[in-house]
Amino acid sequence: MRTVTAEARVGLLVVDKERRYVFANETYLDLLGLKESEVIGKAVSDVLGDIYSRIAPNLDRAFQGERVIYEFKRSPPGDEPE
């Protein structure tokens, strides 16, 4: 999976039923400004903080078996307005 997703220009991730990261590609990690060790095995809510509340409904739908395509845009780390 790493080879296939390495060149993707979108953040791709896999989350288990406990909503912990199993996989995140480099683009996703770069978007968050985090290292793999800061994400893999961690709860999505812990990693994303207040952003999680906007994503949680989509995770709920996906875990209920619905196909979910979701796009979330945010400023790269360091580019947020002060």
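Above this text is the structure in question.
Not measured: the values here are computed from a predicted model.

1. Examining the overall build of the protein
Helix and strand counts for the protein stand at four helices and two strands. The order of α-helices and β-strands along the protein, N terminus first, is α-β-β-α-α-α. For the protein, the proportion of contacts with a sequence separation of at least 24, taken over those separated by at least 6, is 23%. If you sum the accessible surface of the protein, you get close to 6,200 Å²; carbon and sulfur atoms cover 50% of it.

2. A word on the pattern of salt bridges
Within the structure shown, the criterion is met by two salt bridges. Here Asp60 ties to Arg19 by a salt bridge, and the two come within 2.4 Å at their closest N and O atoms. Of this pair, Asp60 sits in helix H4 (residues 52–63) while Arg19 sits in the loop between strand S1 (13–15) and strand S2 (21–24), placing them 41 residues apart in sequence. The closest approach of N and O atoms between Glu66 and Arg61, which form a salt bridge, is 3.0 Å. Take Glu66: its relative accessible area is 39%, and that puts it in the partly exposed class. Given a relative accessible area of 31%, Arg61 falls into the partly exposed group.

3. Here we look at the side chain of Asn58
Topologically, Asn58 is positioned in helix H4. Look at Asn58 and you get buried, because its relative accessible area is 13%. In terms of polar contacts, Asn58 uses its side chain to reach the side chain of Arg61, at 3.0 Å.

4. Some points on the pairing of S2
Relative to S2, S1 runs antiparallel, the two sharing three bridges. Within the sheet, the bridge partner assigned to Val15 lies in S2 and is Tyr21. Between S1 and S2, which pair antiparallel one after the other, the connecting turn spans five residues, and Arg19 there sits at a positive phi close to 60 degrees.

5. A short note on the environment of Thr3
Following the sequence through the fold, Thr3 ends up in helix H1 (residues 2–5). Overall, Thr3 belongs to the exposed group, its relative accessible area being 72%. In sequence terms Thr3 and Asn25 are 22 residues apart; their C-alpha atoms lie 9.6 Å from each other.

Cut-offs applied
- Residues numbered from 1 in each chain as written.
- Predicted model: local features only at pLDDT ≥ 70, side-chain atom pairs only at ≥ 80, totals over all residues.
- Heavy atoms only, no water.
- Helix = DSSP H or I, 4+ residues; strand = E, 2+ residues; numbered from the N terminus.
- Contact = heavy atoms within 4.5 Å.
- Areas by Shrake-Rupley, 256 points an atom, 1.4 Å probe, with all protein chains shown as cover.
- Salt bridge = Lys/Arg side-chain N within 4 Å of Asp/Glu carboxyl O.
- Buried < 20%, exposed > 50% of the residue type's maximum accessible area, 1.4 Å probe, protein only.
- Polar contact = N/O pair within 3.5 Å; in protein donor to acceptor, adjacent residues only side chain to side chain.
- Pairing = 2+ DSSP bridges.

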